[in-house]
Amino acid sequence: MTVRVAVAGASGYAGGELLRLLLSHPEVEIGALTAGGNAGTRLGQHHPNLMPLADRVLADTTAAELAGHDVVFLALPHGHSAAIAAELGDDAIVIDCGADHRLNDPTDWARWYGGEHPGTWPYGIPELPGARDRLRGSRRVAVPGCFPTVSSLALVPALAAGLVEPDAVVVAVTGTSGAGRALKPHLLSAEVMGSASVYGVGGAHRHTPELIQNLSSVAGEPVKVSFTPVLAPMSRGILATCSAPLREGVDADAARKAYLDAYGDEPFVHVLPEGHWPQTSATLGANTVHLQLAVDPDAGRLIIVGAEDNLTKGTAGGAVQCMNLAVGLPETTGLPLVGVAP
Ligand SMILES: NC(=O)C1=CN([C@@H]2O[C@H](COP(=O)(O)OP(=O)(O)OC[C@H]3O[C@@H](n4cnc5c(N)ncnc54)[C@H](OP(=O)(O)O)[C@@H]3O)[C@@H](O)[C@H]2O)C=CC1
Ligand SMILES: CC(=O)N[C@@H](CCC(=O)OP(=O)(O)O)C(=O)O
């Protein structure tokens, strides 16, 4: 099978990571590459690592440029996907790395992003209960936010098995590439190097409703989520420390069993051997999430720590995994399982 793909937003971080993965995908032919203000420039100017595509010139992001492909990846800022997807129609599978089609509830959309709800697409974490069947053969995929990917995978088995109360706390350290490559003063090296800082504190981050949506759907009841992101001086990676109050009688063995049952057969989600704790460097460049858990008997809480590369499993790798499901290829095709640590 040859899957002809286009990437809109190819000059950005998510677009660049998509191309890195697609270049080594055995069934993919890379077609149109588009951008915004950087249209007309060479891809090599933006992604010097992508040598085989260095001389490709970026086109304007229009439906006409993106037409005629089997799969179109949209790696554009929020709010740019719905109109282009509508113009492409059903001829192409469209995989949106942005937030436009993630939230089910129009009221949530209006509160967190503003404006009219662009509609909900099948949500791209295949490892969540029931998700894989919805993604297989789908013509549309909403790729999750990078924080919700690792944090949902960390908390879902405990909530689905009823081991914890529906009241989660997530504190997640992230590298700066999560913010994209547009210039922003708080991402200057003088601000970031040698310092860690919080943002979006007090339920103010727009990934909170996405997490609540994912966790509540498996818990079967509304789940409260307190989410705090922490910006750290690294380019890639997320380390999420998640916890929730343990229900009466739940011990460490029962908790571990729930995670091994949930992920024992998953190629990309690894529950580490006891005593080993996730670290971002072990997941860099790999389409993996590493998890470990512990019971804190004095606090009465289950603690789950998860690591991922925000650009790989947290965006582009997850997107390619969903493409494989959508086109009927084995889910793992072309995706790296091994990180580049140290
Ligand atoms: N970075 C991450 O870890 C993650 C990102 N995402 C999502 O992926 C999407 C892309 O993010 P990211 O790559 O980080 O962002 P970047 O800012 O790095 O890249 C944005 C891309 O979109 C293009 N673009 C910007 N404005 C327009 C426009 N008006 N019309 C057409 N193209 C435009 C840019 O082109 P140009 O260079 O010409 O400006 C660039 O190619 C976002 O929706 C983001 O939320 C999701 C999960 C994680
Ligand atoms: C460091 C940093 O700023 N990270 C971004 C992560 C955004 C992301 O990955 O996802 P979406 O934009 O696709 O929702 C943030 O917190 O907004």
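To start, this report covers the structure provided alongside it.

Criteria and thresholds
Residues numbered from 1 in each chain as written. Chains lettered and ligands numbered in written order. Predicted model: local features only at pLDDT ≥ 70, side-chain atom pairs only at ≥ 80, totals over all residues. Heavy atoms only, no water. Core = buried A, V, L, I, M, F, W, Y, C linked by side-chain atoms within 4.5 Å. Buried < 20%, exposed > 50% of the residue type's maximum accessible area, 1.4 Å probe, protein only. Helix = DSSP H or I, 4+ residues; strand = E, 2+ residues; numbered from the N terminus. Domains from an automatic or database assignment. Contact = heavy atoms within 4.5 Å. Near = heavy atom within 4 Å. Polar contact = N/O pair within 3.5 Å; in protein donor to acceptor, adjacent residues only side chain to side chain. Areas by Shrake-Rupley, 256 points an atom, 1.4 Å probe, with all protein chains shown as cover. Nonpolar A, V, L, I, M, F, W, Y, C, P; charged D, E, K, R; others polar. Pairing = 2+ DSSP bridges.

## Structural notes on the nonpolar core
Phase 1: Ranked by size, the top nonpolar core spans 78 residues in total, and within it Leu18, Phe73, Tyr259 and Met323 carry the most contacts.
Phase 2: Ranked by the residues each element gives to this core, the list is headed by helix H7 (residues 146-160), at nine residues.
Phase 3: Formed jointly, this core draws a minimum of three residues from each of two domains, domain 1 (3-144 + 313-327) and domain 2 (147-310).
Phase 4: Discounting chain neighbours no more than four positions away, the residues touching tyrosine 259 are Leu153, Ala154, Leu155, Pro157, Ala158, Gly264, Val271, Leu291, Leu293, Leu302 and Ile304.
Phase 5: If you look at the next biggest cluster of nonpolar residues, it comprises 14 residues, including Leu66, Val72, Ala85 and Trp121.

## A few points about the site of ligand 1
Phase 1: The local shell around ligand 1 holds 29 residues, among which Ser11, Ala14, Asn38, Leu76 and Thr315 are the closest.
Phase 2: At 2.9 Å from an oxygen atom of ligand 1 is found a main-chain nitrogen or oxygen belonging to glycine 36.
Phase 3: Separating an oxygen atom of ligand 1 from a backbone N or O atom of asparagine 38 is a distance of 2.7 Å.
Phase 4: Computed on the free molecule, ligand 1 has an accessible area of 890 Å², of which 81% lies beneath the protein chains in the complex.
Phase 5: Within the residue set of the shell around ligand 1, elements represented by two or more residues are helix H1 (13-23) and helix H11 (312-327).
Phase 6: Class assignment of the residues belonging to the shell around ligand 1 gives a composition of 11 nonpolar, 16 polar and two charged.
Phase 7: Mapping the shell around ligand 1 onto the domain boundaries places at least three of its residues in each of domain 1 (3-144 + 313-327) and domain 2 (147-310).

## Some details on the pairing of strand S4 (residues 71-74)
Every regular strand shows the same layout, with side chains that alternate between the two sheet faces.
Phase 1: Here S4 shows two buried faces, one formed by Val71 and Phe73 and the other by Val72 and Leu74.
Phase 2: Note that strand S1 (residues 3-8) and S4 share four bridges and pair parallel. For valine 7, the partnering residue across the bridge sits in S4 and is phenylalanine 73.
Phase 3: One ladder, built from four bridges, connects S4 with strand S5 (residues 93-96); its direction is parallel. Its bridge partner lying in S5, valine 71 is registered against isoleucine 93.

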